[in-house]
Amino acid sequence: MSLRPPQNLTSHLSQGRAPSALEYEMMGEMAASLGRAGAKVEQTLAQLASAAMPERDMRLKAAARAVHAYFIQRELCGLRNHDAAILDYNIPRAVLIRLGAS
């Protein structure tokens, strides 16, 4: 898997100069936000796994919203391919088919 920096920062980094303090701060905030979104995915998937039938649909919708938000955050960080995240978090197909649906 290849990683690339966000495209809005690529031009600055490819010019051979060190990122500014503001760029470091922005990259740190992006990483922290992605971590919080990932923690929310883990939490909602754990709740889904332990849900009984009456509340399963509600937990399924919550997990789909969390995964959708996580994927959006990944894309904002320049990570376009979600295959590795799907495998790492073991996101069920039932959640994936509901992404973006409201």
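Structure: above.
If you're wondering where the values come from, they're calculated on a predicted model, not measured in any experiment.

Draft legend 1. Spotlight on the overall build of the protein. For the protein, the helix and strand inventory stands at five helices and zero strands. For the protein, buried positions account for 29% of its 102 residues. In the form shown here, the protein has an accessible surface area of approximately 6800 Å², with 56% of it arising from carbon and sulfur atoms.

Draft legend 2. Geometry of the environment of proline 92. Locating proline 92 in the fold gives a position in the loop between helix H4 (83–89) and helix H5 (93–96). Not counting residues up to four positions away in its chain, the partners in contact with proline 92 are Leu45 and Leu48.

Draft legend 3. Representation of the packing of helix H2 (residues 21–49) against helix H3 (residues 53–76) in the model. Axis separation between H2 and H3 bottoms out at 9 Å; the angle between their running directions is 160°. Taken as axis vectors, H2 and H3 run roughly antiparallel relative to one another. H2 and H3 meet at a crossing whose hand is left-handed. Across the interface between the two elements, Met30, Ser33, Leu34, Ala37, Gly38, Lys40, Val41, Thr44, Leu45, Gln47 and Leu48 of H2 pack against Arg56, Arg59, Leu60, Ala62, Ala63, Ala66, Val67, Tyr70, Gln73, Arg74 and Leu76 of H3. Along the lines of polarity and charge, the residues of the contact of H2 with H3 split into 13 nonpolar, five polar and four charged.

Draft legend 4. Spotlight on the packing of aromatic side chains. Scanning the model with the defined rule gives two aromatic pairs in all. Plain terms: the ring middles of tyrosine 70 and phenylalanine 71 are 6.2 Å apart, the flat faces sit at 45° to each other, and that makes the pair tilted. Phenylalanine 71 sits in the buried class, given a relative accessible area of 8%. A ring pair is formed by tyrosine 70 and tyrosine 89, whose centres lie 5.3 Å apart and whose planes are at 80°; its orientation type is edge-to-face. With tyrosine 70 in helix H3 and tyrosine 89 in helix H4, this pair connects stretches of sequence that are 19 residues apart. Connected via pairs of aromatic rings, a cluster forms that spans Tyr70, Phe71 and Tyr89.

Draft legend 5. Quick peek at the pattern of salt bridges. Tallied over the entire structure, the rule returns two salt bridges. Residue arginine 59 is joined to glutamate 55 by a salt bridge in which the shortest nitrogen-to-oxygen separation is 3.6 Å. Of the two residues, arginine 59 and glutamate 55 are both situated in helix H3; the distance of four residues between them amounts to about one turn of the helix. For arginine 59, a relative accessible area of 22% gives the class partly exposed. Residue classification places glutamate 55 among the partly exposed residues on the basis of a relative accessible area of 31%. We note a salt bridge from aspartate 57 to lysine 61, for which the minimum N-O separation is 3.7 Å. Residue aspartate 57 and its partner lysine 61 are located together in helix H3, separated by four residues, close to a single helical turn. For aspartate 57, a relative accessible area of 42% translates into the label partly exposed.

Cut-offs and rules
- Residues numbered from 1 in each chain as written.
- Predicted model: local features only at pLDDT ≥ 70, side-chain atom pairs only at ≥ 80, totals over all residues.
- Heavy atoms only, no water.
- Helix = DSSP H or I, 4+ residues; strand = E, 2+ residues; numbered from the N terminus.
- Buried < 20%, exposed > 50% of the residue type's maximum accessible area, 1.4 Å probe, protein only.
- Areas by Shrake-Rupley, 256 points an atom, 1.4 Å probe, with all protein chains shown as cover.
- Contact = heavy atoms within 4.5 Å.
- Axes fitted to C-alpha atoms, helices over the stretch in contact; angles between N-to-C directions.
- Parallel < 35°, antiparallel > 145°, perpendicular 65-115°, else oblique.
- Left-handed = near helix turned anticlockwise from the far one by under 90°.
- Nonpolar A, V, L, I, M, F, W, Y, C, P; charged D, E, K, R; others polar.
- Phe/Tyr/Trp six-rings, centres within 6.5 Å; stacked < 30°, edge-to-face > 60°.
- Salt bridge = Lys/Arg side-chain N within 4 Å of Asp/Glu carboxyl O.

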